[in-house]
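Listed below are the residues making up each chain.
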Amino acid sequence: MERLDKVISATGKKSRREVKLLVRQGRILVDGVPASAAEMKVDPETATILLDGESIGYEKFTYVMLHKPSGVLSAVEDSRQQTVLDLLPVELRRRNLSPVGRLDKDTEGLLLLTNDGALSHQLLHPKSHVDKVYYAQVDGALENADCVAFAAGMTLGDGLACLPAQLEILSPEEALVTLREGKFHQVKRMLAARGKPVLYLKRLAMGPLQLDETLAPGEYRSLTEEEIAALQSAVNGLISTERQKSSKDFCGKYEKILAKP
Ligand code: URA
């Protein structure tokens, strides 16, 4: 059971303060009866909650795909700099969303935001085998020895041991990098350790979830039911991940996203 004002504010449509007023005005019905107090307890899964006669459209969790632009922090709030939450409308900002993992300020691409803490935790856990796929442009010429070093599992200069990763060379200065974990600046540090510093980085996929190519940087959309189910299956180990697919399929899949304007 949860407080009525919490349930309604979780939809993003009304704040808790607004709910208090609406209850006083008799505009909220719970199972056909005017709500007695904003603090009254309801079961959001079973109660019929109407505002001015319309369903409040309660959803337990919210899942948003954002095409993160460069120059924005992957944080919930910051006193000085713009964060990814600042890119969302107020209804979504009210829903306690957090980014699932962080992208660097200058990294672009797929960022999932959700208030489903359990799923978020599982997606980030290396044991869940949810691969993250990045497109990188580097300063230098990539070569087969770099792929071998990535596949072997690199240990960086500061002793940081990385799990085996996949490097697929698209051109001497471009590659797809697939990681199973998400250590701080990991792609940049791995490529820098090979003497090829990253000039541009974009995340294309997280497990089965691919960046929607119709979203311009800074745009977002809700995940579809299928995408949510695919993520849940991925953490339950029910689907294969990209690294099991052939290199050709793998690159082909990202062709559209990688197409330059
Ligand atoms: N690796 C990095 O170096 N930066 C990111 O933003 C994500 C992965």
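In case you missed it, the structure is sitting above this.
Keep in mind the model is a prediction, meaning the values are calculated, not measured.

**Some points on the sheet that holds strand β6 (residues 54-55)**
- With antiparallel pairing, four strands are arranged side by side in an open sheet as β3-β2-β5-β6. With one partner strand each, in any of the chains shown, β3 (33-34) and β6 form the two edges of the open sheet.
- Summarising the sheet, strand β2 (residues 28-30) and β3 pair through two bridges and their orientation is antiparallel. Looking at β3, one finds that Leu29 is bridged to Pro34.

**A word on helix α6 (residues 186-193)**
- Within the span of α6, buried status applies to Gln186, Val187, Lys188, Met190 and Leu191.
- On the buried face of α6, the contacting elements are β10 (132-138), α5 (144-152), β11 (166-171), β12 (174-179) and β13 (198-206).
- At the C-terminal side of α6, Gly195 shows a positive phi close to 80°.

**Overview of the nonpolar core**
- Within the largest apolar cluster, 31 residues are counted, with the highest numbers of intra-cluster contacts made by Leu113, Phe150, Leu167, Val177, Val187, Met190 and Leu191.
- Of all the elements in the fold, those that place two or more residues in this core are β7 (63-68), β9 (108-114), β10, α5, β12, α6 and β13.
- Ignoring anything within four residues of it in the chain, the contact list for Val187 reads Tyr134, Val177, Leu179, Val198 and Leu201.

**Some remarks on the state of the cysteines**
- Counted under the stated rule, the structure contains zero disulfides.
- The cysteine Cys162 is free of any disulfide, with Cys147 supplying the nearest cysteine sulfur at 16 Å.
- Relative accessible area serves as the criterion here: at 8%, Cys162 is assigned to the buried category.

**Focus: the environment of Met154**
- Looking at where Met154 falls in the secondary structure, it is placed in the loop between α5 and β11.
- Sequence separation of Met154 and Ala165 is 11 residues, and the distance between their C-alpha atoms is 8.5 Å.

**Observations concerning the packing of aromatic side chains**
- If you walk through the whole model with that rule in mind, you get one aromatic pair.
- Ring centres of Tyr135 and Tyr200 lie 6.1 Å apart, and the angle between their planes is 65°; on these two criteria the pair is classed as edge-to-face. Remark: Tyr200 occurs in strand β13 and Tyr135 occurs in strand β10; sequence separation between them is 65 residues.

**So, the site of the ligand**
- Surrounding the ligand, one finds Leu103, Asp104, Thr107, Tyr134, His185, Gln186, Val187, Lys188 and Leu201.
- Asp104 places a polar side-chain atom, nitrogen or oxygen, 2.7 Å from a nitrogen atom of the ligand.
- Between Thr107 and the ligand, the recorded distance is 2.9 Å, taken from a side-chain N or O atom to an oxygen atom.
- Here the element with the most residues in the shell around the ligand is α6; it accounts for three residues.
- Residue classes in the shell around the ligand are distributed as four nonpolar, three polar and two charged.

**Regarding helix α4 (residues 117-124)**
- Turning to α4, its buried residues are Leu119, Ser120 and Leu123. With its buried residues spanning 100° around the axis, α4 presents them on a single face. In α4, the exposed residues that point more than 90 degrees away from the buried face are Ala118 and His121.
- Buried residues in α4 make contact with β7, β9, β10 and α7 (225-235).

About the criteria used
Residues numbered from 1 in each chain as written. Predicted model: local features only at pLDDT ≥ 70, side-chain atom pairs only at ≥ 80, totals over all residues. Heavy atoms only, no water. Pairing = 2+ DSSP bridges. Helix = DSSP H or I, 4+ residues; strand = E, 2+ residues; numbered from the N terminus. Buried < 20%, exposed > 50% of the residue type's maximum accessible area, 1.4 Å probe, protein only. Contact = heavy atoms within 4.5 Å. Core = buried A, V, L, I, M, F, W, Y, C linked by side-chain atoms within 4.5 Å. Disulfide = S-S within 2.5 Å. Phe/Tyr/Trp six-rings, centres within 6.5 Å; stacked < 30°, edge-to-face > 60°. Near = heavy atom within 4 Å. Polar contact = N/O pair within 3.5 Å; in protein donor to acceptor, adjacent residues only side chain to side chain. Nonpolar A, V, L, I, M, F, W, Y, C, P; charged D, E, K, R; others polar. Arc of directions from axis to C-beta.

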